[in-house]
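Below, each chain spelled out in residue letters.
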Amino acid sequence: MEKEAGPTAAGVRFDDPWYEASAAVWDEAEGVGGAEPDGPRGPGEKRPGAGAAEIYLEVHRSAAFREVRRRYRRFVAPAALAFLLWYLAYVVAATTAPALMARPVAGAVNVAMVAGLGQFLTTFLLTWAYARHARLRRDRAALELRWDTQEMTRGLGR
């Protein structure tokens, strides 16, 4: 859009502080690569003259942000892998063992129907578990990071 109509076309602004952020600094330990000469700062400490991009990168490098991301990954990676394996097992069983999948369970309901309904059930259970995990283990820490970040960037617009 910028190439054809310019950066101010249609009143759209692209002020995303993550847009210019290098992926090389993500998940680095403090003191490596992006260390500041006067030492690392916590997410609540404001640097004089810091722009929004620097503040967001500083928060991104903080231990609190890394902890929120770690908690997220520790739930999502195993849950996604387990669900993917369960889905692939259903597909493989349906294609390689049609006699097993056609075996009646109750009346006209067979193993394939029960397993297919199990896919829906596990989707709902996984959604509930994800929401519960987020509420109990990540939301409070993420909200605190958000408030700290807003406090640090509050004076920049003036």
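The structure presented is a predicted model; accordingly, all values stated were derived computationally and were not measured.

1. Concerning the pattern of salt bridges
Then comes step 1: Applying the stated criterion across every chain, the model contains 3 salt bridges.
Then comes step 2: Between Arg-70 and Glu-67 there is a salt bridge, with the nearest N and O atoms lying 2.5 Å from each other. One end of the pair is Arg-70 and the other is Glu-67, both in helix α3 (residues 63–96) and 3 residues apart, which spans about a single turn.
Then comes step 3: A relative accessible area of 27% means that Glu-67 is categorised as partly exposed.
Then comes step 4: The shortest N-O distance in the salt bridge between Arg-71 and Glu-67 comes to 3.0 Å.

2. Digging into the confidence of the model for the chain
Then comes step 1: Per-residue confidence for the chain gives a mean pLDDT of 78, with 67% of residues at or over 70.
Then comes step 2: pLDDT under 50 marks residues 24–37. Its contacts with residues more than four places away, or in other chains, come to 17 contacts.

3. Some details on the nonpolar core
Then comes step 1: Listed in full, the 5 residues of the largest apolar core are Ile-55, Val-59, Val-68, Leu-145 and Met-152.
Then comes step 2: Elements represented by at least two residues in this core include exactly α2 (52–61) and α5 (111–153).

Each value, and the rule that gives it
Residues numbered from 1 in each chain as written. Predicted model: local features only at pLDDT ≥ 70, side-chain atom pairs only at ≥ 80, totals over all residues. Heavy atoms only, no water. Salt bridge = Lys/Arg side-chain N within 4 Å of Asp/Glu carboxyl O. Helix = DSSP H or I, 4+ residues; strand = E, 2+ residues; numbered from the N terminus. Buried < 20%, exposed > 50% of the residue type's maximum accessible area, 1.4 Å probe, protein only. pLDDT = per-residue confidence, 0-100. Contact = heavy atoms within 4.5 Å. Core = buried A, V, L, I, M, F, W, Y, C linked by side-chain atoms within 4.5 Å.

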